[in-house]
Amino acid sequence: MSPVFPMLTVLSMFYYMCLRRRARTATRGEMNSRRAIESNTRALPINVEIVQYAKEVLDFSSHYGSENSMSYTMWNLAGIPNVYPSSGDFTQTAVFRTYGTWWDRCPSARLPFKRTPPTFCSQDYVELAFEEPVYPTAVHILETYHPGAVVRILACSANPYSQNPPAEVRWEILWSEAPTKVNGPQARQFTPCIKQINFPTNLIRLEVNSSLLDYYTELDAVVLHGVKERPVLSLKASMIDLNDIDEDEDEEKYGCGMDTLNKQLSIVTLREWPTNGYFDKLPYELIQLILSHLTVPDLCRLAQTCKLLYQHCCDPLQYIHLSLQPYWARINDTSLEYLQSRCTLIQWLNLSWTGNRGTISVSGFSRFLKVCGSELVRLELSCGHFLNETCLEVITEMCPNLQELNLSSCDKIPPQAFNHIAKVGTLKRLILYRTKVEQTALLSILNFCSELQHLSLGSCVMIEDYDLIASMMGAKCKKLRSLDLWRCKNITESGIAELASGCQLLEELDLGWCPTLQSSTGCFANLARKLPNLQKLFLTANRSVCDTDIEELAANCTHLRQLDILGKDM
């Protein structure tokens, strides 16, 4: 009989862990309900499931379409399906700006940040609001062309229609998975198995990675299923595997909420150990090299082990390059305050996607840059909706060495604020995609930032005369290597001629969806003759492109690797 007892002990420990995990999130009422299930003495109340389509698109990082139309825009995700169950390329769907890996292989490609967690692979996102807050039971994503880009689904505790902003905004991952290759471009209803959460939500966020796709993914609608009352887990739902337990134990120790991250950053109490083991015998530089492979949360955890490793983990040399984008849901003013002492030597900083819904204030951002901005060379602020004119003014004053500034999709910055950028004469890369930059501010930037090598003006709809802008580029920006004029609405052959004459180092030029350019004027042939270094040329949706243009490109642009004439019937 003795061999039985170890087995009973293992089983009892397993059930103890299951119950302990359940008890951490349970309320007294839920525990009573579970007792009701187990005893089967009374029936559970019926919780009617609510099915709803997205009411509104609140935010997104990019889209293929124009800011002034509905074709191929994220706004098509609101409401009932327009296309599904049909398959194919339809203008009534939501399409992101890019797909595949070619975007990372062009001359304008940026170097990746180190220490990015392997679990974070998101490239774009879209946030959807629904009418009724519910406890989600299912999320259906209607994909109509080249599916498989969605890698994360998140739910938010904030109600976008509430008059009273919440004290804390909490995001919970409902489902997450690495990018996968889907066989075939046909439409499908994607319904991953989602995690149950302990708060109602009517704000869902989809994050995508299109790197494995052969063409643009197209989304038609999102359906949220849920119940008004928090559901009671069934006995089957209570069964969890040991991997799940291990992951949850880590969450218990280290947490994944904003408060827990801030506690990790601010930890000063260390355990007292008589020695530091073999680390005492290693050179300081070698320990620094070893620690350089850790993510930011891992550094914070390791700092709690002993004084020696605390010293290494807080060394500003560990924070020369810092990307906080993977932790966008947990970064706030307090996080930045705790990081200040460690980031005095920082050169690359990525705050993309962070700070929205009040989590980062203008004053908090300004305080951080005043301490940590003097050595900054690269600053990524994509989709930073907390940014205003004061923030841009602080950037120009506190970052005298700045060479790269990304304000992509920062559509809340007022037009007059962009004038401040002209003070940063050291800029080599400026990304203004989907911003409200106006012509006067842009002319000033081009006049004073003559070192520019990479400039993105895609979907900048408030610029009135792109010919004037192109003329200024030709006169002032002789070092320009890449230029994005995607969907600029009024550039003509005159502006293209000025640009080609003055910016002969151009290796990348995006003129996709520029309807005022016509091949009959000779503008494309002129480009081919004047810009022999071209490696990438986009003439997307320009039906005037002819055989002569292609022949000129083949004869003169011998380095050309990417040519987009999609939409032209040859």
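Treat the numbers as computed from the prediction; the structure is a model and nothing was measured.

Reading the values: the criteria
Residues numbered from 1 in each chain as written. Predicted model: local features only at pLDDT ≥ 70, side-chain atom pairs only at ≥ 80, totals over all residues. Heavy atoms only, no water. Helix = DSSP H or I, 4+ residues; strand = E, 2+ residues; numbered from the N terminus. Buried < 20%, exposed > 50% of the residue type's maximum accessible area, 1.4 Å probe, protein only. Contact = heavy atoms within 4.5 Å. Areas by Shrake-Rupley, 256 points an atom, 1.4 Å probe, with all protein chains shown as cover. 1 Å grid on protein atoms, 1.4 Å probe; cavity = no way out; pocket = protein on both sides within 12 Å on 5 of 7 lines; lining within 4 Å. Points joined across faces, edges and corners; volume = space filled by probe spheres on them. Nonpolar A, V, L, I, M, F, W, Y, C, P; charged D, E, K, R; others polar. Pairing = 2+ DSSP bridges. pLDDT = per-residue confidence, 0-100. Domains from an automatic or database assignment. Axes fitted to C-alpha atoms, helices over the stretch in contact; angles between N-to-C directions. Phe/Tyr/Trp six-rings, centres within 6.5 Å; stacked < 30°, edge-to-face > 60°. Arc of directions from axis to C-beta. Polar contact = N/O pair within 3.5 Å; in protein donor to acceptor, adjacent residues only side chain to side chain. Salt bridge = Lys/Arg side-chain N within 4 Å of Asp/Glu carboxyl O.

Considering the overall build of the chain
Within the chain, the secondary structure is distributed over 15 helices and 19 strands. Evaluated residue by residue, the chain yields a buried proportion of 50% over its 570 residues. The long-range share in the chain, meaning contacts at least 24 apart out of those at least 6 apart in sequence, stands at 80%. With the model as given, the accessible surface of the chain reaches about 26200 Å², and the carbon-plus-sulfur share is 54%.

What to know about the layout of surface pockets
Of the pockets and cavities examined, the second largest pocket occupies roughly 1300 Å³. Residue lining of the second largest pocket: 45 residues in total, with Trp103, Asp104, Arg110, Gln123 and Asn406 positioned closest to the centre. Among the secondary structure elements, those contributing two or more residues to the lining of the second largest pocket are strand E12 (378-380), strand E14 (429-431), strand E15 (454-456), strand E16 (482-484) and strand E17 (508-510). Of the residues belonging to the lining of the second largest pocket, the class tally is 15 nonpolar, 19 polar and eleven charged.

Description of the pairing of strand E4 (residues 124-145)
In terms of residue burial, E4 counts as a mostly covered element, since 18 of its 22 residues are buried. As judged from the four bridges shared by strand E2 (residues 56-60) and E4, these two strands associate in the antiparallel manner. Considered in E4, the bridge of phenylalanine 60 is made with valine 126. With seven bridges joining them, E4 and strand E8 (residues 201-208) adopt antiparallel strand pairing. Each residue of the ladder has a partner; that of alanine 129, found in E8, is leucine 203.

A look at the confidence of the model for the chain
Model confidence for the chain is summarised by a mean pLDDT of 88, while 84% of its residues fall at 70 or above. Of the regions scoring below 50 in pLDDT, residues 1-12 engages in zero contacts with residues more than four places distant in sequence or in other chains. Within the model, the stretch residues 22-44 combines pLDDT values under 50 with 22 contacts to residues more than four positions away or in other chains.

Considerations on empty space enclosed by the protein
This model, assessed by the stated rule, comprises five cavities of 30 Å³ or more. Roughly 100 Å³ of volume is contained in the largest cavity. If you go around the largest cavity, you meet 13 residues; those closest to its centre are Trp171, Trp328, Ala329, Asn356 and Thr359. Among the residues making up the lining of the largest cavity, the classes are represented as six nonpolar, four polar and three charged. Each of domain 1 (49-227) and domain 2 (319-463) accounts for three or more of the residues forming the lining of the largest cavity.

Structural notes on the sheet that holds strand E11 (residues 348-350)
Spatially, the ten strands line up as an open sheet ordered E10-E11-E12-E13-E14-E15-E16-E17-E18-E19, and their pairing is parallel. Every other strand in the sheet has two partners, leaving strand E10 (321-323) and strand E19 (562-564) as the edge strands with one partner each. Between one strand axis and the next, the sheet turns by 5° as a mean value, whatever way the strands run. As defined by bridge partners, E14 adjoins E15 across three bridges and the pair is classed as parallel. In the strand pairing of E15, leucine 430 is matched with leucine 455.

Re the packing of aromatic side chains
Taken as a whole and judged by the stated rule, the model has 18 aromatic pairs. Their ring planes at 70° and their centres at 5.7 Å tell us that tyrosine 145 and tyrosine 215 sit as a pair that is edge-to-face. A residue pair is termed long-range when its members are at least 10 positions apart, and tyrosine 145 in strand E4 and tyrosine 215 in the loop between E8 and strand E9 (218-227) qualify at 70 residues. Taken as a pair, tyrosine 145 and tyrosine 215 share a single burial class, namely buried. Clustering of aromatic rings is evident, with ring pairs tying together Tyr64, Tyr72, Tyr99, Trp102, Trp103, Tyr145, Tyr215, Tyr216, Trp486, Trp513 and Phe538.

Re helix H12 (residues 466-476)
Turning to H12, its buried residues number three or more, namely Tyr466, Asp467, Ile469, Ala470, Met473 and Gly474. One side of H12 carries all its buried residues, which in axial view fall inside an arc of 160°. Contacts from the buried residues of H12 go to helix H11 (439-448), E15, E16 and helix H13 (493-502). Where H12 begins, the capping side chain belongs to aspartate 465, and its oxygen is found 3.1 Å from the backbone nitrogen of aspartate 467.

Some remarks on helix H14 (residues 523-530)
Because each turn of an α-helix spans 3.6 residues, side chains separated by three or four positions in sequence point in the same direction. With six of eight residues buried, H14 lies mostly within the body of the structure. Among the residues of H14, those classed as buried are Cys523, Phe524, Ala525, Asn526, Leu527 and Ala528. Structurally, H14 contributes buried residues whose contacts are with H13, E17 and helix H15 (547-556).

A closer look at the pattern of salt bridges
In this structure the tally under the stated criterion is 24 salt bridges. Arginine 205 is the salt-bridge partner of glutamate 207, the closest N and O atoms lying 2.9 Å from each other. Residue glutamate 207 is classed as buried on the basis of its relative accessible area, which comes to 0%. A relative accessible area of 1% places arginine 205 in the buried class. Ionic pairing is found between glutamate 404 and arginine 429, a salt bridge with its closest N-O pair at 3.3 Å. Highlighted residues: glutamate 404 in strand E13 (residues 404-406) and arginine 429 in strand E14, separated in sequence by 25 residues.

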